[in-house]
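Results of the structural survey
Each chain, letter by letter, is given below.
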Amino acid sequence: MRAAFERRRHLVDFAVGSLARHPTKNLGLVVTYALVVFLVGSVMLYGSAIRREAAAMLSSGPEITAQAMVMGRHDMSTSADVAALKGLRGVRRIEPRLWGYLWDSAGAANYTLMVPPPSDAAHAVGKGEAIVGEGVARARKLKPGAMLFLVSPSGKFLKTRVKSILSSDSALVSSDLVLVEEADFRAFFELPADVWTDVAITVTNPREVTTVAEKAALKLPRHRFVTRADMSRTAEALFSWREGLTLALLAGALVAFAILAFDKASGLSAEERREIGILKAIGWETGDVIALKLVEGGLVSGVAFLVGVIGAWAHVRFFAAGLFAPVLEGWSTLYPRFPLAPSIDALEIATLAALTVAPFTAAILVPVWRTATADPDAVMR
Amino acid sequence: MIFHPPILALIGASGLSAVVLGGAGLFAGRLLAGWDPTNGSERQIGLEKTTHLVSTVVAFVLTLEAASLVLFAFNADRMAPLFVGAMCAVGTLNASVWGFPTLWAKIAVFFAAFVWLAVDRVDLRARDWALIRPKYAGLLILAPLVLAEAGFELAYFLDLKADTITSCCGKLFGEDKPALGGDLAALDPRVALWALGAALVAAIGLGFGARRRRWAAVALGPVALAAFGVAIAAVISAIAPYVYEQPHHHCPFCILKREYGHVGFALYLPLFVATGAGLAAAIVAALPGTTTSRATIRTAIGGLAKTSAIGFTLFGAIAAALVWRSGLALIG
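Keep in mind that what you see is a predicted model, and the values were worked out from it rather than measured.

1. Re a nonpolar patch on the surface
Residue and element names in this part refer to chain A.
- Side chains of Trp313, Phe318, Phe319, Ile344 and Ile349 sit close together on the surface and give an oily, nonpolar patch of about 500 Å² of accessible area.
- With 3 residues, helix α11 (residues 286-319) is the single largest residue contributor to the nonpolar patch.
- Looking at where Ile344 falls in the secondary structure, it is placed in the loop between α12 (325-329) and α13 (346-373).

See below:
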C-alpha cells in the first residue's frame, strides 16, 4: 500500500517536472482549457442562480391565481366571481387584484400598474401617490417626493407623487412596477367598479392546492386556475432550456478545444520524444508512460478546471454574467439590476466536469498511447 | 427536455462510451480470433500494442459510466420539481417507461465495468497475458450492455415531457401496493434487519477469508450479490423509515435528497463498491490463470475481497448509526 502510494507520489513529482520543462506549450493549453471551463461554467452558474432567484420570488406569491377567460383570451373577473369563491374549504384568503400594462412613450418602456392588495400594509398608497420599482425610477430619474405623470392609451392623465421606491432586493418582480391607489387606477384605465384583473387565492394547507383549484374550477368554469407550482415548473423548465440551448451552441467550441488538445498531445517536440525514449530505455514500460502522460493531463485538467470555475463564479457574482445574461434572462428596457449569488453544488461540478474534462481526456488518450508505445530507438534517433 | 445541462452531459458521456465500447468490441473479436503470444508476427505485435490503448480508453469510459450512474440519480432527484406529482427521483424515473430500465441498465453496467476493470488490472500486472482471452471475451458482453444502456438513456431523455403527470414513491413503495416495491415496504423491519445482519456477516467473513481460500473468493460473488439485494430490501423496509422518522415512508431514493443530508450517497457508495469488489474477486478467482501469474492473481483476489469486506462493514456501520440516531422506534 505504502509502496503504491510512494510510486504515485513520484509519478506526480515527475509529471510536474515534465510540465515545467515545457512551460509555453502547457501554459497555452491551460489558458485555453480554463477559458472553455469559464465559458461553460458561466452559463451553468448563471442559469442555476437565476432559477433559484425565480423560485425564491415565486415562493412568496399566491398558491392559486384565477383568471377569467373569453374565447381563449384573458378577460376581467367580476365581483360576482369573487363572491362565488368565498366559503371554499381550505382557502385562507381571496384577494381580487387590479393590475395592467402601460406603454410609456416618455420612458420607451412598458410599466406594470398595480393596486397593492389590502393585506400588504407596507405598500399602501393614498390617492395621488405612487410607489415605483427601481427600473421605473431609473428610466424616469425619480426620487421620493418627485412627480410622476402617466398618460393612458385613451389620453387620460394621471398625476402622482412618488411616495417611495421599491427595494432592489425585489427587483426581479418589481423593476417595472408602479403601485397606485384603486380609485386612481380605475379612473386612469376607465374601469367599472366591479371588475378585477384576476383573483389571488391563498390556501391554508399547501398539500390541498390541487384539490382547492379543482373545487374552485367547478364554481367558476369560465376561469383558468394557475397554481404556484405550475409557474415554478414553467420558470424552471424555461431557464433550464435556455441554459441547455446555450451550452449546445457552445458545443462547437468544445469540439474545437478537443481538436486542439488532440493536436497538442500529438505534436511532441524532439526533446519530449528523446525524454520518452530515455525513460523506455531505462526500463519504463508502456503502462508507466501512459500513466505519466495521464497524470500530466490530470494536472493540466485540475489547474484549468479550478481557474475556470473560479473565473466563472467571479463573472456571475461580480459582473452579473455580462457575456451570457442577455441570452439567458431575456430582454427588456426596464430589465432589473439584481445581484446574483452563484452557488456551486455537486451536480453543477459533476456536469461541468463531464462537459469539459471528459472531452479533453478523451482527446488525449490516443496521442498518449501512440507516444507510449513508440520504440525507444525510433524516438531517440 | 433534452436541453437540460446534466442531460446533455449524460447523453455525451453515454454516447462516448457507446462509441468507444463499440470499437473495443470489434477489436476484442479480432484479438480472440488471432491472439498468439508465441508468435512474433507484426500482426501479433500490433495486437499487443493496441491492448494498451483498449485498456486505457475502456478504463476511462467505464470510470465515466460509474460517475454517470451517480450523476443520473442526482439529476433525477433534481428534476423532480419539473413533473406534476414527482417529489423525488422516483417521480422523474416514472415520467417515462424508459426511466427505470435505464437505471437498471446503468447499475448492471456499473457492476460489469467494475469486474472488467479489476480483471484488466490483474492482467496488466500479471505480465504474461494470463487473463487476456477471458478479459476480451468479457468485453464482448460488456460492449452490448453499454450500447443498450446508451440506447435506453437516449430513449428516456427523448421521451421526457414537461407536462407529464407522474406518480412518486408513495405509490411505488406503499405497503399496500401489489408490486415488488410494495412487498419490500411491507416486509417486517425486524426480519429485514436480521437478514441484513446475517448477509453482512457472511459477506464480510468470506471477504476476509478469501485471500487464503480460493473457494471463499468464488463464493463471495453470489453472497455479495445476495447481500446487495438484502441490503436494498432492508433500506426499503427499515433503514429509510428510520432516516425519515416516518414508519410509512419507505422510499430508497428520498434519502439522496439534501434535506436528509444526502445520506443515501454515504450509504449506497460503500454498498455498490463492496458488491462490485466481491463480484470481481469471485470472477478473478474463477478464471484459469497461468502458473507464473498465480501469486499476482492471489494478491489481487485478496485486495478485492478485502475491499468488499471493508465496504460491507462500512455500509453496516452507517446503517446501524442511522438506526441508532433515529427518533423512530420501529421495533418494540
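2. Side note on the pattern of salt bridges
Residue and element names in this part refer to chain A.
- Counted under the stated rule, the structure contains 23 salt bridges over all chains.
- For Arg140, the salt bridge identified is with Asp104, shortest N-O distance 2.7 Å. Taken as a pair, Arg140 in helix α4 (residues 134-140) and Asp104 in strand β5 (residues 99-104) lie far apart in primary sequence, 36 residues in all.
- By relative accessible area, which is 7% here, Asp104 ends up buried.
- Lys127 is the salt-bridge partner of Asp184, the closest N and O atoms lying 2.9 Å from each other. Here the residue Asp184 occupies a position in helix α6 (residues 182-189), and Lys127 occupies one in the loop between β6 (109-114) and β7 (129-132), the gap between them amounting to 57 residues.
- On the accessibility criterion, Lys127 (62% relative accessible area) is exposed.
- One network of salt bridges, with partners in common, ties together Glu6, Arg9 and Asp13.

3. Describing the state of the cysteines
Residue and element names in this part refer to chain B.
- Under the definition given, this model contains 0 disulfides over all chains.
- Not engaged in a disulfide, the cysteine Cys88 finds its nearest cysteine sulfur in Cys254; these two sulfurs lie 3.6 Å apart.
- Given a relative accessible area of 0%, Cys88 falls into the buried group.

4. As for the domain arrangement of chain A
- When its domains are assigned, chain A resolves into domain 1 (2-58 + 236-380) and domain 2 (64-227).
- Using only C-alpha atoms to locate each centre, domain 1 of chain A and domain 2 of chain A end up separated by 48 Å.

5. Quick word on empty space enclosed by the protein
Residues and elements named next belong to chain A.
- Per the counting criterion, the structure on display carries 2 cavities of 30 Å³ or more.
- Of the voids in this model, the largest cavity is the one considered here, and its volume is about 260 Å³.
- Of all the secondary structure elements, the ones that give two or more residues to the lining of the largest cavity are α1 (2-21), α2 (23-58), α9 (251-266), α11 and α13.
- A breakdown of the residues in the lining of the largest cavity according to their chemical character gives 10 nonpolar, 5 polar and 5 charged.
- Of the voids in this model, the second largest cavity is the one considered here, and its volume is about 60 Å³.
- Together, Gly41, Met44, Leu45, Val309, Ala312, Ile344, Glu348, Ile349 and Leu352 line the second largest cavity.
- The set of elements that each furnish at least two residues to the lining of the second largest cavity consists of α2, α11 and α13.
- Of the residues assigned to the lining of the second largest cavity, the class counts are 7 nonpolar, 1 polar and 1 charged.

What counts as what
- Residues numbered from 1 in each chain as written.
- Chains lettered and ligands numbered in written order.
- Predicted model: local features only at pLDDT ≥ 70, side-chain atom pairs only at ≥ 80, totals over all residues.
- Heavy atoms only, no water.
- Patch = residues over 30% accessible without salt bridge, like charges linked within 9 Å, V, L, I, M, F, W, Y side chains within 5 Å.
- Areas by Shrake-Rupley, 256 points an atom, 1.4 Å probe, with all protein chains shown as cover.
- Salt bridge = Lys/Arg side-chain N within 4 Å of Asp/Glu carboxyl O.
- Helix = DSSP H or I, 4+ residues; strand = E, 2+ residues; numbered from the N terminus.
- Buried < 20%, exposed > 50% of the residue type's maximum accessible area, 1.4 Å probe, protein only.
- Disulfide = S-S within 2.5 Å.
- Domains from an automatic or database assignment.
- 1 Å grid on protein atoms, 1.4 Å probe; cavity = no way out; pocket = protein on both sides within 12 Å on 5 of 7 lines; lining within 4 Å.
- Points joined across faces, edges and corners; volume = space filled by probe spheres on them.
- Nonpolar A, V, L, I, M, F, W, Y, C, P; charged D, E, K, R; others polar.

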